[in-house]
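# Results of the structural survey
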Amino acid sequence: MSILYTARASANKGRQGRAYSDDDRLDVQLSTPAALGGDDGPGTNPEQLFAAGYAACFMSAMGLVAQQAKIKLPDDAKVDAEVGIGPREAGGFSLAVTLIAHLPGVDEAQANELLEKTEQVCPYSNATRGNVTTTLKLG
């Protein structure tokens, strides 16, 4: 693989600390949700950050796939990402992802084909395939 870009970020104090990028474009307070035994403080959490990144990456990859297939995506197209976390039977924790594409005006069969092709192109999908249960849906 020829790396085109490298993002750098750091976090301190885990889920109760701060996460920030080396270029100061990202700087967020972290809090643990009550469902995970935390104080449900005002900060974000790793699952929300992963959901935002996955949604943005998948939407971008869908734009590329649509362009190659000569499909015009609607201006209000979007992808919602839901990231769940829970214990694994083998120990530790795992994630589950649901990606919901909103493609108003796009034929359902064409939209589903677009989702399947995008799932093969998106770097997040390629990185998580086989490790994270991912469900694709149309919204």
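Above this text you will find the structure in question.
Report follows, based on the coordinates. As the structure is a prediction and not an experimental result, all values here were calculated from the model. (Residues numbered from 1 in each chain as written. Predicted model: local features only at pLDDT ≥ 70, side-chain atom pairs only at ≥ 80, totals over all residues. Heavy atoms only, no water.)

### Observations regarding the nonpolar core
Ranked by size, the top nonpolar core spans 25 residues in total, and within it Phe58, Met62, Leu73, Leu99, Leu103 and Leu114 carry the most contacts. Of all the secondary structure elements, the ones that give two or more residues to this core are helix H1 (46-68), strand E4 (78-87), strand E5 (93-102) and helix H2 (108-121). With nine residues, the top contributor of residues to this core is H1. (Core = buried A, V, L, I, M, F, W, Y, C linked by side-chain atoms within 4.5 Å. Buried < 20%, exposed > 50% of the residue type's maximum accessible area, 1.4 Å probe, protein only. Helix = DSSP H or I, 4+ residues; strand = E, 2+ residues; numbered from the N terminus.)

### Section: the sheet that holds strand E1 (residues 9-12)
Strand pairing within a sheet occurs via backbone hydrogen bonds; the two strands may be parallel or antiparallel. Ordered by their spatial adjacency, three strands build an open sheet running E1-E2-E3, and the pairing between neighbours is antiparallel. Since the sheet does not close on itself, it has two edges, and those belong to E1 and strand E3 (27-29), each with one partner. Sheet twist, expressed as the mean angle between neighbouring strand axes with direction ignored, is 10 degrees. By the bridge criterion, four bridges tie E1 to strand E2 (residues 18-21) in an arrangement that is antiparallel. Of the residues in E2, the one forming a bridge with Ala9 is Ser21. (Pairing = 2+ DSSP bridges. Axes fitted to C-alpha atoms, helices over the stretch in contact; angles between N-to-C directions.)

### Some remarks on the packing of H1 against H2
The geometry of H1 relative to H2 is characterised by a closest axis approach of 9 Å and an angle of 115 degrees between their N-to-C directions. Considering their axes alone, H1 and H2 lie roughly perpendicular with respect to each other. For the pair H1 and H2, the crossing hand works out as right-handed. Note on element contacts: H2 touches H1 through Leu114, Leu115, Lys117, Thr118, Glu119 and Val121, opposite Phe58, Ala61, Met62, Leu64, Val65 and Ala66. Its residues assigned to classes, the contact of H1 with H2 shows nine nonpolar, one polar and two charged. (Parallel < 35°, antiparallel > 145°, perpendicular 65-115°, else oblique. Left-handed = near helix turned anticlockwise from the far one by under 90°. Contact = heavy atoms within 4.5 Å. Nonpolar A, V, L, I, M, F, W, Y, C, P; charged D, E, K, R; others polar.)

### A look at unusual backbone geometry
Phi at Asp24 takes a positive value of approximately 65 degrees, unusual for a residue other than glycine. Positive phi outside glycine occurs at Lys70, with the angle close to 60 degrees. Note that Lys70 resides in the loop between H1 and E4. Relative accessible area serves as the criterion here: at 76%, Lys70 is assigned to the exposed category.

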